[in-house]
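Breakdown of the fold
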Amino acid sequence: MEVLPVAVVTGANRGIGLDVVRQLAHRGHHVVLGSRDLAKGRAAAARIDPGAGRVTAVQLDVSDGASVAAMADRVTRELGRADVIVNNAAILYDTWAQARTADLDEVQRALDTNLFGAWRVTQALLPLLMRSPRPRVVNVSSEGGSLQSMTGGTPAYSVSKASLNALTRLLAGELRRHHVLVNAVCPGWVATDMGGGGGRPVAEGAAGVVWAATLPDDGPSGGFFRDGEPVPW
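Residues numbered from 1 in each chain as written. Predicted model: local features only at pLDDT ≥ 70, side-chain atom pairs only at ≥ 80, totals over all residues. Heavy atoms only, no water.

Here we look at the overall build of the chain
Operational definition: Labels follow the DSSP assignment, with helices taken as runs of H or I lasting at least four residues and strands as runs of E lasting at least two, numbered in each case from the N terminus. When we talk radius of gyration, it's over C-alpha atoms, and the globule rule is simply 2.2 Å times the number of residues to the 0.38. Only protein chains enter the calculation, and the probe is 1.4 Å; a residue is then buried if its accessible area is under 20% of its type maximum, exposed if over 50%, and partly exposed in between. Note on contacts: a residue pair is in contact if any heavy atoms of the two residues lie within 4.5 Å. Residue-level accessible areas treat just the shown protein chains as cover; the underlying method is Shrake-Rupley with a 1.4 Å probe.
A tally of regular secondary structure across the chain gives seven helices and eight strands. Over its C-alpha atoms the chain spans a radius of gyration of 16 Å, differing by no more than 12% from the 17 Å that the globule rule assigns to 233 residues. Counting only C-alpha atoms and orienting by the principal axes, one finds that the chain spans roughly 55 × 40 × 35 Å. Every one of the 233 residues in the chain was classed for burial, and the buried ones make up 51%. Expressed as a percentage of contacts within the chain between residues at least 6 apart in sequence, the contacts between residues at least 24 apart total 71%. Summed over its atoms, the accessible surface of the chain is roughly 10,800 Å², and 53% of this surface lies on carbon and sulfur atoms.

Describing the pairing of strand S3 (residues 55–59)
Here is the rule we go by: A right-handed crossover is one whose linking path, passing over the helix from the first strand to the second, runs clockwise when the strands point away from the viewer.
Counting buried positions along S3 gives four out of five residues, so the element sits mostly inside the fold. Handedness of the crossover is the feature at issue here: the chain leaves strand S2 (residues 30–35), passes through helix H2 (residues 38–48), returns alongside S3, and the resulting connection is right-handed.

A word on the pairing of strand S5 (residues 136–140)
The test is simple: Should DSSP find at least two bridges between two strands, the strands are regarded as paired.
Along S5, five of the five residues are buried, which leaves the element largely enclosed by surrounding structure. Side chains Arg136, Val138 and Val140 project from S5 onto one buried face, and the interleaved Val137 and Asn139 project onto a second face that is buried too. Sheet analysis places S5 next to strand S6 (residues 181–185), joined by five bridges and oriented parallel. The partner of Asn139 across the bridge, within S6, is Ala184. Since S5 and S6 lie parallel, the crossover through helix H6 (residues 155–175) that links them has a hand, and here it is right-handed.

So far we have only geometry, and geometry alone does not tell us how the molecule works.
See the structure below:
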């Protein structure tokens, strides 16, 4: 029986995450589709993989440590490996807010998902990842987290994504000797629920994430990319 590489994608029942699942499944991965709402996750998985051979939906709330631990335990028991982590789950594109008057409880909620959620998931799956022959971590970031382009606005989202970029650098440096490639990817302005109207097709934004998830062994690590090209930190 063919043993497929396993990819875990968070926040994956819709939008960019769902298309990342679709693309990775079509490229020969068994994909664990993480969704806060398990029913929605199962429905999304069935649309991509009606035969249920390539996509497994799991309940996953990255802001809940118990939910993350339960996901990691299930992946360990049922699949026995994790080769790719795509930390895609994100909330709160707070276009209405300003840093000088921001609701700090709101900022904390964004950090708990956008930063600490990715951190929790990576830590929980790291024992499996370290045993993979081609381990990859992709943190789905945003140009909103680029310090060079920050001028004000969306404080919760921007600070959380800048922090996620910092985590990317730290993990890349620490895991380099273990041959784990860790990168941040900006999918660009994409026509999703969070992105609002307009934007480019979801598949195009997801393709940049999949590029980082399937890098060759001599690929970059510790970088920030969009469409495979560097983005200023």
